[in-house]
Amino acid sequence: MKVEYQYLVARVQRALAEDPRVNVLDIKVMVQGDKIHLTGQVAHEAHKKAATEVASSVVPDTEIRNELTVLNVEAPAQPEAIN
Amino acid sequence: MIRIAAIADVHFSESTDNTLRPYWSRLHECADLFLIGGDLTTHGGADQAAVLARELAFVQVPIVAVLGNHDYHSNQERGVSEALQDAGVTVLEGEGIVYTVKGQTVGVAGTSGFGGGFAGACGSSFGEREMKAFIGHTEQLANSLEAALAGLSTDFRIALLHYSPTKDTVAGERLEIYPFLGSYLLAEAIDRAGADLVVHGHAHHGQEKGITAGGIPVRNVALPVLRRAYAIYNLESAADKIDGPTRHSNALSESPTAGCGMPAEMQ
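These numbers come from a predicted model, not from an experiment.

A. Molecular detail of the overall build of chain B. For chain B, the helix and strand inventory stands at seven helices and 14 strands. Expressed as a percentage of its 267 residues, the buried residues of chain B come to 52%. Of all intrachain contacts in chain B linking residues separated by at least 6 positions in sequence, the fraction that spans at least 24 positions is 74%.

Here it is, written out as structure tokens:
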């Protein structure tokens with residue numbers, strides 16, 4: 001990976017963690033060719049949408065591929081048994 | 001038997017919808033107490049805590065919470081706590097609280113906890129002031145947790161944290177960030193004081209189940225780990241053990257509660 005790509009990944013990840021529109025610390029950022037891919041899971045649809053905006057603000061001339069998924073919450077499981 | 005519902009890392013914001021409400025509004029059907037292990041908000045805004053408080057108003061059992069790192073981000077942690085306390089939520093930091101449920105008592109001691117890493121690969125109180133302050137903060141919170149736990153003279157005792165006391169429940173996270181996910185100092189304090197259950201969050205890519213070196217069950221109830229509205233742990237005393245000789249004293253046990261806590265349309 002080119003040196004500037006490594007710094008680019010760090011800058012986008014940091015922006016996603018620190019920008020109040022997202023504040024998600026564990027989004028994975030990958031540079032592939034001339035595109036930036038965002039992968040991982042966020043709690044809310046609004047965070048997914050904002051992630052593209054925040055990443056674009058760091059690298060305005062680069063295509064952002066937003067592949068984040070939104071957490072789907074299910075019903076509680078049975079109480080746990082520990083023997 | 002005392003039934004504990006637990007969740008962490010709900011990360012509420014101004015735009016959070018009411019996805020959890022159908023489950024939380026029926027939580028009393030399967031739990032006596034609701035624990036929330038930090039990261040209540042996205043970036044620690046008191047207005048975000050108010051959104052959560054409105055949803056928690058639908059819960060019909062006592063609620064106990066600790067703050068997480070996200071709840072400190074805006075330096076409004078007092079406002080976050082107050083918004084929740086106004087809604088009847090008990091927010092703990094280095095303190096304990098006792099409830100009586102069906103004639104049995106349960107004490108919850110809580111702290112956010114902090115990082116530093118786990119035995120064999122952890123930070124030390126050495127070097128720059130900033131490094132000593134980092135580890136010193138964890139030591140201080142671990143000591144306050146130990147004192148709070150030791151002060152509970154109850155049938156059951158629970159430690160409620162945000163950061164993990166063991167690497168068992170952070171397994172799945174990148175090794176490089178383990179020191180930011182928890183500290184063995186928390187487990188050491190808990191093992192010294194004793195407890196029946198430890199509940200925490202923070203490690204979104206970790207695992208639910210672990211154990212301290214002293215044998216105390218640890219549960220990571222971060223929402224991305226559970227992928228459910230909450231987990232349920234049934235604490236059972238020796239007096240409850242009338243249906244089988246193989247169960248352990250003060251062990252977690254299972255009870256049949258099919259459909260418990262589920263929205264009516266899902267049952």
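B. View of the overall build of chain A. Scanning chain A for helices and strands turns up two helices and five strands. Helices and strands appear in chain A in the N-to-C order α-β-β-β-α-β-β. On C-alpha atoms alone, chain A measures out to a radius of gyration of 16 Å, which is more than a quarter above the 12 Å that the 2.2 N^0.38 rule sets for 83 residues. Expressed as lengths along the three principal axes of its C-alpha atoms, the size of chain A is roughly 55 × 25 × 20 Å. Out of the 83 residues in chain A, the part that is buried amounts to 25%. Considering only contacts within chain A whose residues lie at least 6 apart along the sequence, 57% involve residues at least 24 apart.

C. Broad picture of the sheet that holds strand β6 (residues 104–110) of chain B. Residue and element names in this part refer to chain B. With respect to topology, six strands assemble into an open sheet ordered β5-β6-β9-β10-β12-β11, the strand pairing being mixed. The strands lining the two open edges of the sheet, one partner per strand, are β5 (95–101) and β11 (209–211). Neighbouring strand axes in the sheet, compared pairwise and without regard to direction, differ in orientation by 25° on average.

D. Structural view of the interface of chain B and chain A. Taken together, the contact between chain B and chain A spans 36 residues of the former and 19 residues of the latter. Partitioned by chemical class, the residues of the side of chain B that touches chain A number 16 nonpolar, 16 polar and four charged.

E. Structural detail: the environment of Q32 of chain A. Residue and element names in this part refer to chain A. Structurally, Q32 is set in strand β1 (residues 28–32). Take Q32: there are 9 C-beta atoms within 10 Å of it, and that puts it in the exposed class. Residues Q32 and Y5, spaced 27 residues apart in sequence, show a C-alpha to C-alpha distance of 9.5 Å.

F. Structural detail: the confidence of the model for chain A. On average, chain A scores 91 in pLDDT, and the residues at 70 or more come to 94%. Within chain A, the element-level pLDDT minimum falls on helix α1 (residues 3–18) of chain A, averaging 90, and the maximum on strand β4 (residues 63–66) of chain A, averaging 97.

G. A look at the sheet that holds β1 of chain A. Residues and elements named next belong to chain A. Spatially, three strands are ordered β1-β2-β4 in an open sheet, and the strand pairing comes out mixed. The sheet is open, and its two borders are formed by β1 and β4, each paired with just one other strand. Taken over all neighbouring pairs, the strand axes of this sheet differ in orientation by 25° on average, direction set aside. Here four bridges tie strand β2 (residues 35–39) to β4, and the two strands are oriented parallel to one another. Bridging across to β4, K35 finds its partner in E63. Strands in contact with helix α2 (residues 45–58) are β2 and β4; relative to β4, the strand with the most contacts, it is inclined by about 155°.

H. Representation of the packing of helix α5 (residues 129–150) of chain B against helix α6 (residues 184–193) of chain B within the structure. Residue and element names in this part refer to chain B. In contact at an axis separation of 9 Å, α5 and α6 are set at 20° when each is read in the N-to-C sense. Viewed along their axes, α5 and α6 adopt a mutual orientation that is roughly parallel. When the axes of α5 and α6 are compared, the crossing they make is right-handed. Taken together, the residues of α6 that come into contact with α5 (itself represented by T138, E139, A142, N143, L145, E146, L149 and A150) are L185, L186, A189, I190, R192 and A193. When the residues that make up the contact of α5 with α6 are grouped by side-chain class, the tally is nine nonpolar, two polar and three charged.

I. Region of the structure containing α2 of chain A. Relative to the 20 Å expected for 14 residues at 1.5 Å per residue, α2 of chain A spans 21 Å between its end C-alpha atoms, a close match to the ideal helical length. Buried within α2 of chain A we find H47, K48, A50, A51, V54 and A55 of chain A.

J. Broad picture of unusual backbone geometry. Residues and elements named next belong to chain B. Its identity as a non-glycine residue notwithstanding, D9 has a phi of 60°, on the positive side. Its location among the elements puts D9 in the loop between β1 (2–7) and α1 (21–24). Positive phi outside glycine occurs at N75, with the angle close to 55°. Checked against the element boundaries, N75 lands in the loop between α3 (69–72) and α4 (77–85).

K. Representation of the pairing of strand β9 (residues 156–160) of chain B within the structure. Residues and elements named next belong to chain B. Among the five residues that make up β9, five are buried, leaving the element largely enclosed by the rest of the structure. Covered by surrounding structure in β9 are F156, I158 and L160 together with R157 and A159, the residues of both alternating faces. Both β6 and β9 contribute to a ladder of five bridges, which runs parallel. From the neighbouring strand, A109 faces β9, where its bridge partner is A159. Examined bridge by bridge, β9 and strand β10 (residues 197–200) share three bridges and lie parallel to one another. Looking across to β10, one finds that I158 is bridged to L197.

The rules behind each value
Residues numbered from 1 in each chain as written. Chains lettered and ligands numbered in written order. Predicted model: local features only at pLDDT ≥ 70, side-chain atom pairs only at ≥ 80, totals over all residues. Helix = DSSP H or I, 4+ residues; strand = E, 2+ residues; numbered from the N terminus. Buried ≥ 20, exposed ≤ 12 C-beta atoms within 10 Å, placed from the backbone. Contact = placed C-beta atoms within 7 Å. Rg over C-alpha atoms; globule rule 2.2 N^0.38 Å. Pairing = 2+ DSSP bridges. Axes fitted to C-alpha atoms, helices over the stretch in contact; angles between N-to-C directions. Nonpolar A, V, L, I, M, F, W, Y, C, P; charged D, E, K, R; others polar. pLDDT = per-residue confidence, 0-100. Parallel < 35°, antiparallel > 145°, perpendicular 65-115°, else oblique. Left-handed = near helix turned anticlockwise from the far one by under 90°. Expected span 1.5 Å × (residues − 1).

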